[in-house]
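Structural overview
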Amino acid sequence: MLYLILGLLLFVGTHSVRIVADGWRTRSRARLGPLRWRALYTLLSLLGFVLMAWGFGQARQMPVQLWSPPLGLRHLALLLTLLSFVLLAAAYVPGNRIKARLHHPMTAAVMFWALAHLLSNGNLAHVLLFGTFLVWALLVFMAAKKRDRQGGTRYSSGTTGATGITVALGVALWIAFTLWLHGLLIGVRPFG
């Protein structure tokens with residue numbers, strides 16, 4: 001559990017600098033230069049991710065069960081992850097209306113992904129991992145919206161065609177991940 005917590009602190013901490021210390025981030029980036037800043041950021045993120053993944057894997061070996069989720073929550077989790085994949089696609093498909101409306105669909109995708117996993121898993125490691133990501137994503141989303149307002153950021157209105165491609169891509173990714181990749185990479189088959 002210690003490695004999971006250390007990994008979370010390092011990974012989420014690295015990704016939270018803009019929320020809690022934007023001025024320091026700007027000064028440090030200027031002092032180090034963009035390339036060295038990105039290299040340090042990437043190194044710390046990867047180290048945090050490896051510790052988090054390894055610690056989570058270790059914690060899953062001896063789970064501390066807090067509650068047993070009812071079957072209905074698992075069905076809801078599948079719907080939430082479907083929405084998460086559509087939002088993830090919206091972050092990358094240019095000119096879609098989902099991004100035009102939300103402005104930060106990647107962060108919203110993380111929120112729905114984390115909520116889905118919190119609802120469908122009741123052990124301590126899951127609560128730590130997905131609860132941390134849910135709170136973090138919510139804070140990042142709020143901070144990004146605030147920056148948009150302060151900066152007067154405008155987003156294009158998006159097109160129906162790009163939105164259709166976004167939804168189709170998100171659904172296809174969800175199907176592939178849910179039916180095959182989740183079991184292959186994580187060891188748990190959502191429909192199993």
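Above: the structure in question.
In this convention, every chain numbers its residues from 1, walking through the sequence in written order. With pLDDT at 70 or above as the cut-off, local features in this predicted model cover only qualifying residues; side-chain atom pairs require 80 or more to be listed or tallied, and sums for whole chains, interfaces and linings still use all residues. Side-chain numbers come from the whole structure's heavy atoms, not from hydrogens or water.

1. Brief notes about helix α9 (residues 160–186)
The axis of α9 is deflected most strongly, by about 50°, at Phe177. The cut-offs for exposure are 20% and 50% of the maximum accessible area for each residue type, with area from a 1.4 Å probe on protein chains only; residues under the lower value are buried, those over the upper are exposed, and the others partly exposed. The helix count covers DSSP runs of H or I at least four residues long, the strand count covers runs of E at least two residues long, and both are numbered beginning at the N terminus. Turning to α9, its buried residues are Ala162, Thr163, Thr166, Gly170, Trp174, Thr178, His182 and Gly183. Note on contacts: a residue pair is in contact if any heavy atoms of the two residues lie within 4.5 Å. Lining the buried residues of α9 we find α5 (71–92), α6 (97–102) and α7 (105–120). A positive phi of about 90° marks Gly187, the residue just after α9. Note on bend: the value at a residue is the angle between axes fitted to the seven residues ending there and to the seven starting there.

2. Remarks on the pattern of salt bridges
Whenever Lys or Arg places a side-chain nitrogen within 4 Å of a carboxyl oxygen from Asp or Glu, that contact is recorded as a salt bridge. On inspection of all chains with the given rule, the structure shows one salt bridge. With a shortest N-O distance of 3.7 Å, Arg18 and Asp22 are connected by a salt bridge.

3. Concerning the layout of surface pockets
By rolling a water-sized probe across the atoms, one finds the places where empty space is left. Cavity: a set of points on a 1 Å grid over the protein atoms alone where a 1.4 Å probe fits but cannot get out. Pocket: an open set with protein on both sides within 12 Å along at least five of seven lines, its lining residues, like those of a cavity, having an atom within 4 Å of a point. Grid points are joined across faces, edges and corners, and a volume is the space filled by probe spheres set on the points. The computed volume of the second largest pocket comes to approximately 280 Å³. Taken together, 16 residues line the second largest pocket, and the ones lying closest to its centre are His15, Arg18, Arg25, Tyr41 and Arg147. Looking at the lining of the second largest pocket, the elements that each hand over two or more residues are α2 (17–20), α4 (34–61) and α8 (124–151). Note on residue classes: Ala, Val, Leu, Ile, Met, Phe, Trp, Tyr, Cys and Pro are nonpolar, Asp, Glu, Lys and Arg are charged, and everything else, Gly too, is polar. When its residues are assigned to classes, the lining of the second largest pocket shows seven nonpolar, five polar and four charged.

4. A few points about unusual backbone geometry
Although it is not a glycine, His103 adopts a positive phi angle of roughly 75°. Here His103 lies in the loop between α6 and α7.

5. Looking at the nonpolar core
To define a nonpolar core, start from buried Ala, Val, Leu, Ile, Met, Phe, Trp, Tyr and Cys residues and group those joined through side-chain atoms within 4.5 Å. Core analysis: the biggest nonpolar cluster contains 25 residues, and Leu4, Leu8, Met52, Leu129, Phe133 and Trp136 have the highest contact counts within it. Listing elements by their share of this core, those giving two or more residues are α1 (2–14), α4, α5, α7 and α8. In terms of residues, this core owes the most to one element, α8, which gives eight residues. Excluding residues within four positions of it along the chain, Leu8 makes contact with Gly13, Met52, Leu128, Leu129, Thr132 and Phe133.

6. Things to note about the packing of α1 against α4
Axis geometry follows a simple rule: fit a line to the C-alpha atoms, using only the stretch in contact for helices, then measure angles between N-to-C directions, giving values from 0 to 180 degrees. Two numbers describe how α1 lies on α4: the axes approach to 7 Å, and their chain directions differ by 150°. By the angle class used here, α1 and α4 are roughly antiparallel. You can see that α1 and α4 cross each other, and the crossing is left-handed. Residues Tyr3, Leu4, Gly7, Leu8, Leu10, Phe11 and Thr14 of α1 form the contact with α4, whose own contacting residues are Tyr41, Leu44, Ser45, Leu47, Gly48, Phe49, Leu51, Met52, Trp54, Gly55 and Phe56. When the residues that make up the contact of α1 with α4 are grouped by side-chain class, the tally is 13 nonpolar, five polar and no charged. Roughly parallel means an angle under 35 degrees; roughly antiparallel, over 145; roughly perpendicular, 65 to 115; everything else is oblique. Crossings are classed by handedness, with left-handed meaning an anticlockwise turn of the near helix from the far one by less than a right angle and right-handed meaning a clockwise turn.

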